[in-house]
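These are the residues of each chain, in order.
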Amino acid sequence: MDRDVLDQFRDTLRRFVRERLVPLERQVADEDRIPEDIRAAFAEMGLFGLSIPEEYGGLGLNLAEEVELVFELGWTSPAFRSMFGTNVGIGSQGILIDGTEAQKRHYLPRLASGEMVASFALTEPEAGSDAAALRTRAELHGDHYVVNGTKRFITNAPHAAIFTLMARTDAGNKGAGGVTAFIVDAKSPGIRIGAPDKKMGQRGAHTADVVFEDVKVPAANVIGLKPGQGFKTAMKVLDRGRLHIAALCVGVAERLIHESLSYAAERKQFGQPIAEFQLVQAMLADSRVEAYAARCMVQDAARRYAAGEIVSTEASCCKLFASEMVGRVADRAVQIHGGSGYMQDYAVERFYRDVRLFRLYEGTSQIQQLVIARNMLREAAGGRAGR
Ligand SMILES: Cc1cc2nc3c(=O)[nH]c(=O)nc-3n(C[C@H](O)[C@H](O)[C@H](O)COP(=O)(O)OP(=O)(O)OC[C@H]3O[C@@H](n4cnc5c(N)ncnc54)[C@H](O)[C@@H]3O)c2cc1C
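Residues numbered from 1 in each chain as written. Predicted model: local features only at pLDDT ≥ 70, side-chain atom pairs only at ≥ 80, totals over all residues. Heavy atoms only, no water.

Undergrad: Can you walk me through the pattern of salt bridges in this structure?
TA: Any two side chains of opposite charge can pair, so long as their charged atoms come close to each other. Using the criterion set out here, one finds 26 salt bridges in the structure. The salt bridge partner of Glu25 is Arg255, with a shortest N-O separation of 2.7 Å. Here the residue Glu25 occupies a position in helix H2 (residues 25-31), and Arg255 occupies one in helix H8 (residues 230-266), the gap between them amounting to 230 residues. Arg255 matches Glu25 in its accessibility class, with the two residues each being buried. (Salt bridge = Lys/Arg side-chain N within 4 Å of Asp/Glu carboxyl O. Helix = DSSP H or I, 4+ residues; strand = E, 2+ residues; numbered from the N terminus. Buried < 20%, exposed > 50% of the residue type's maximum accessible area, 1.4 Å probe, protein only.)

Dropping the structure here:
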């Protein structure tokens, strides 16, 4: 996107977030629902299609551009972003990267416009971090597969029109190579969506179990028509997803710092604003330092990704650091608010719960550490072999 157009778009989004979304945060949390006119406004702005190329009806942003907008979205409750997050992320990217031209033409424009919501169904009750051990089965019967299994914690499942489903097509291969990615119509007979999960935070965003019982899926709906490639497809889009989440953490941290600073300037104890106490200043400064470091990391890795570099290690570094960082920033924000920070009247109480999720999904912090260390060891071994 042209730099001027991107700057304009970012300014419009910033105003929209601060003037329309921030005042709705409490209502969304209380009602556990995002108003329909906000959904329409997201669609109008093109947010469902941020990452989808223009030729398929999206805005066609590269990742460096996308993170600039996600920083802005982080200024408000993460539930808002979640509404279109699955369309921007793995719900569409799997189809974009590995889908056939016919699959792209059919699904991407509908995802970009928000007409369809796509959910990504990988996690299962017995397969979380060890996703390659998934058990959902898809057996080929002529021109279609029959799917049986249960998926867990699936974001936007109650609103989904399609699922990007990972299922085992090769019973003899218990690892990643036996997994195939499908596009499944959510209205297919045999699909049951569980009751929405009662989550710790991010009310307004919904997850649920998705149960598949003898669901017929046309073989033409295998992504890229290539069975056995599903896990690879999922992994290819993860770098992008992790950087997107890291950018969101930066945005939320900046909001929390803003809330902390405003409160500290107003609240008086011992006859002066608490902002004048150096121990409070230390908390503010530490949060600022960490948020700035995360912002720079995300920008660097996103630029490199956009330039075509492989940034698997850097994406995990960003996800790990930014999600842990926003946890610490939220904790300090509550501390700076004192007892009020424990009360629902203040936004920091809600954000404190909301940000806990970032260390868990799209790979837990421990999984990011494993990815980083594994890549380091591989690079070191490559270096030794090359010598
Ligand atoms: C709100 C929410 C939304 C989600 N949305 C989606 C979605 O849309 N689609 C989807 O497919 N999934 C989704 N998930 C699932 C999410 O990705 C998983 O919860 C996550 O990957 C962790 O898996 P798990 O919950 O089974 O935990 P487990 O894998 O059981 O992990 C439990 C603990 O063990 C640690 N651990 C596991 N293995 C290792 C290891 N090898 N070394 C060290 N420590 C380890 C973990 O880090 C963690 O601390 C969502 C989850 C939540 C909570």
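Undergrad: Just to check I follow, could you spell out the side chain of His206 for this structure?
TA: Along the chain, His206 turns up in the loop between strand E6 (191-193) and strand E7 (207-218). One polar contact links the side chain of His206 to the main-chain carbonyl oxygen of Asp32, over a distance of 2.9 Å. Here the side chain of His206 touches His159 through a polar contact of 2.9 Å, side chain to side chain. Once residues within four sequence positions are removed from consideration, His206 is found in contact with Asp32, Ile154, Thr155, Asn156, Ala157, Pro158, His159 and Lys199. (Polar contact = N/O pair within 3.5 Å; in protein donor to acceptor, adjacent residues only side chain to side chain. Contact = heavy atoms within 4.5 Å.)

Undergrad: What exactly am I supposed to notice about the environment of Ile52 here?
TA: Along the polypeptide, Ile52 turns up in the loop between helix H3 (36-45) and helix H4 (63-73). Ile52 gets classed as buried once you look at its relative accessible area, which sits at 1%. Ile52 sits 252 residues away from Arg304 along the chain, and the two C-alpha atoms are 19 Å apart. When near neighbours in sequence (up to four residues on either side) are disregarded, Ile52 contacts Gly58, Leu59, Gly60, Asn87, Ser92, Leu108, Leu111 and Ala112.

Undergrad: Honestly, the side chain of Lys151 in this entry has me stumped. Any pointers?
TA: Inspection of the secondary structure assignment puts Lys151 in strand E3 (residues 144-155). A residue is classified by how much of its surface remains accessible, and Lys151, at 0% relative accessible area, is buried. Within the structure, the side chain of Lys151 is placed 2.9 Å from the backbone oxygen of Leu122, a separation counted as a polar contact. A distance of 2.8 Å separates the side chain of Lys151 from the side chain of Glu124, its partner in a polar contact. Dropping the residues within four chain positions of it, Lys151 is found in contact with Ala121, Leu122, Thr123, Glu124, Leu134, Thr136, Leu165, Met166, Ala208, Asp209, Val210 and Phe212.

Undergrad: Would you take a moment to explain H8 for this structure?
TA: The α-helix winds at 3.6 residues per turn, so residues separated by three or four positions along the chain end up facing the same way. Relative to the 54 Å expected for 37 residues at 1.5 Å per residue, H8 spans 54 Å between its end C-alpha atoms, a close match to the ideal helical length. Helix geometry: H8 is bent most strongly at Leu238, by close to 35°. Burial within H8 is extensive, with 27 of its 37 residues counted as buried. (Expected span 1.5 Å × (residues − 1). Bend = angle between axes of the 7 residues up to and from the residue.)

Undergrad: Sorry if this is basic, but what is going on with the site of the ligand here?
TA: Around the ligand, 16 residues are found, and the nearest of them are Thr123, Ser129, Thr155, Thr364 and Gln366. In the environment of the ligand, an oxygen atom lies 2.7 Å from a nitrogen or oxygen atom belonging to the side chain of Gln366. Within the complex, the protein chains bury 62% of what would otherwise be the 980 Å² of accessible surface of the ligand. Where the shell around the ligand is concerned, the elements lending two or more residues are E3 and helix H12 (365-386). (Near = heavy atom within 4 Å. Areas by Shrake-Rupley, 256 points an atom, 1.4 Å probe, with all protein chains shown as cover.)

Undergrad: I would appreciate a short explanation of the nonpolar core in the present structure.
TA: Taken as a class, soluble globular proteins show a tendency for nonpolar side chains to be buried jointly. Residues Leu256, Val298, Val326 and Phe358 are the most contacted members of the largest nonpolar core, which totals 35 residues. Listed by contribution, the elements that provide at least two residues to this core are H4, H8, helix H9 (278-306), helix H10 (312-336) and helix H11 (347-354). When neighbours within four sequence positions are excluded, Val326 is seen to be in contact with Cys249, Val252, Ala253, Leu256, Val355 and Phe358. By size, the runner-up hydrophobic cluster in this structure holds 26 residues, among which are Ile95, Tyr107, Leu111 and Ala132. (Core = buried A, V, L, I, M, F, W, Y, C linked by side-chain atoms within 4.5 Å.)

Undergrad: How should the state of the cysteines be read in this particular structure?
TA: One way to say it: the disulfide is the covalent bond shared by the sulfur atoms of two cysteines. Counted according to the given criterion, the structure contains zero disulfides. Of all cysteine sulfurs in the structure, the one in Cys318 sits closest to Cys249, which takes part in no disulfide; the separation is 10 Å. The thiol of Cys317 is not disulfide-bonded; the next cysteine sulfur, from Cys318, is found 6.7 Å away. (Disulfide = S-S within 2.5 Å.)

Undergrad: Please explain the environment of Leu73 as it appears in this structure.
TA: By the secondary structure assignment, Leu73 is in helix H4. Judged by relative accessible area, which is 4%, Leu73 ranks as buried. In the structure, Leu73 is positioned 52 residues away from Leu21 in sequence and 9.5 Å away in space, judged by C-alpha atoms.

Undergrad: Honestly, the packing of helix H5 (residues 78-88) against helix H6 (residues 90-98) in this entry has me stumped. Any pointers?
TA: Packed helices, taken two at a time, are described by their axes: the angle between them and the distance between them. Orientation of H5 relative to H6, taken along the N-to-C sense of each, is 15°, at an axis distance of 4 Å. Between H5 and H6, the angle is such that the two are roughly parallel. Each of Thr86, Asn87 and Val88 in H5 lies in contact with H6, whose residues at this interface are Ile90, Gly91, Ser92 and Gln93. A breakdown of the residues in the contact of H5 with H6 according to their chemical character gives two nonpolar, five polar and no charged. (Axes fitted to C-alpha atoms, helices over the stretch in contact; angles between N-to-C directions. Parallel < 35°, antiparallel > 145°, perpendicular 65-115°, else oblique. Nonpolar A, V, L, I, M, F, W, Y, C, P; charged D, E, K, R; others polar.)

Undergrad: Mind showing me how you'd approach the pairing of strand E2 (residues 137-141) here?
TA: Each regular strand displays side chains that alternate between the two surfaces of the sheet. Sheet analysis places E2 next to E3, joined by five bridges and oriented antiparallel. Within E3, the position partnered with His141 by the bridge is His144. Where E2 hands over to E3, the hairpin turn is made up of two residues, of which Gly142 adopts a positive phi near 65°. (Pairing = 2+ DSSP bridges.)

Undergrad: What is the right way to look at the pairing of E7 in this model?
TA: Pairing geometry for E3 and E7, over nine bridges, is antiparallel. Bridge pairing in E7 places Thr150 opposite Val211. Examined bridge by bridge, E6 and E7 share three bridges and lie antiparallel to one another. If you follow Ile191 over to E7, its bridge partner there is Phe212.

Undergrad: How should I be thinking about the packing of aromatic side chains in this particular structure?
TA: The geometry of two aromatic rings is summed up by the distance between their centres and the angle between their planes. A complete count under the given rule lists nine aromatic pairs for this structure. Pairing Phe42 with Phe80 gives two aromatic rings, centres 6.5 Å apart and planes at 80°, and the pair type is edge-to-face. In this pair, Phe42 is assigned in helix H3 and Phe80 in helix H5, connecting sequence segments 38 residues apart. Given a relative accessible area of 0%, Phe42 falls into the buried group. Judged by its relative accessible area of 1%, Phe80 falls in the buried class. Connected via pairs of aromatic rings, a cluster forms that spans Phe16, Phe42, Phe48, Phe80 and Phe84. (Phe/Tyr/Trp six-rings, centres within 6.5 Å; stacked < 30°, edge-to-face > 60°.)

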